[in-house]
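Structural characterization, general
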Amino acid sequence: MALDDAHVLFSHQDEATLCASMHLHKLKPTGKLLFYPVCDQAKVKVKNIANTTNTVANTPAKRLFLDISGPYYATLLKYWVLIVDNFIHCV
Ligand SMILES: [Zn+2]
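Everything quoted here is computed from the prediction, not taken from an experiment.

1. So, the overall build of the chain
Looking only at helices and strands, the chain has 3 helices and 2 strands in total. Across the 91 residues in the chain, those meeting the buried criterion constitute 4%. Within the chain, residue pairs in contact and separated by at least 24 positions form 47% of the contacts whose partners lie at least 6 positions apart.

2. Side note on the environment of I68
Mapped onto the elements, I68 comes out in strand β1 (residues 64–69). Residue I68 is classed as exposed on the basis of its C-beta count, with 9 C-beta atoms lying within 10 Å. Measuring from C-alpha to C-alpha, the distance between I68 and Y79 comes to 7.0 Å, with 11 residues separating the pair along the chain. With near-sequence residues (within four places) excluded, I68 lies in contact with Y79, W80 and V81.

3. A few points about unusual backbone geometry
Of note in the backbone geometry, S11 takes a positive phi value of approximately 60° without being a glycine. Residue placement: S11 occurs in the loop between α1 (3–9) and α2 (15–24). Within the chain, H12 stands out as a residue other than glycine whose phi angle is a positive 60°. Residue position: H12 is located in the loop between α1 and α2.

4. Digging into the pairing of β1
Of all 6 residues making up β1, only 0 are buried, and the element is barely covered by its neighbours. Summarising the sheet, β1 and strand β2 (residues 80–85) pair through 6 bridges and their orientation is antiparallel. Among the inter-strand pairings, I68 is bridged to a residue of β2, identified as V81.

5. Notes on the environment of E15
Mapped onto the secondary structure, E15 falls in helix α2. A count of 13 C-beta atoms within 10 Å places E15 in the partly exposed class. Linking E15 and L33, residues 18 residues apart in sequence, is a C-alpha distance of 7.3 Å.

What counts as what
Numbers given for residues are sequential positions, taken from 1 along each chain in its written order. Thresholds applied to this predicted model are a pLDDT of at least 70 for local features of residues and 80 or more for the giving and counting of side-chain atom pairs; totals over whole chains, interfaces and linings are not thresholded and use all residues. Numbering of helices and strands starts at the N terminus; helices are DSSP runs of H or I of at least 4 residues and strands are runs of E of at least 2. Burial in this document is a count-based property: other C-beta atoms within 10 Å of a residue's C-beta are tallied, and the residue is buried at 20 or more, exposed at 12 or fewer, or partly exposed in between, with C-beta positions derived from the backbone. Contact between two residues is assigned whenever their backbone-derived C-beta positions fall within 7 Å. Strand pairing is assigned whenever DSSP detects at least two bridges linking the two strands.

Now the structure itself:
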């Protein structure tokens, strides 16, 4: 089985864990693991920033929460951005 296919099938494990899992299931790994660098970037620890607040906006667009992830090289979309307005709770 191709390492890339197994990587997705076995919940995006790193190469050593993936090969051990494939060995347990009597699967022979083939090819190179190409998805892993993208997953490695996604698993980087984020900075220790509070993700809650007691401050509430009293007008629309006064307090926005933003989250961004990427870059993703395996898809056409390179970055994913989410913005939430604290006042209207709208994405
Ligand atoms: Zn992955």
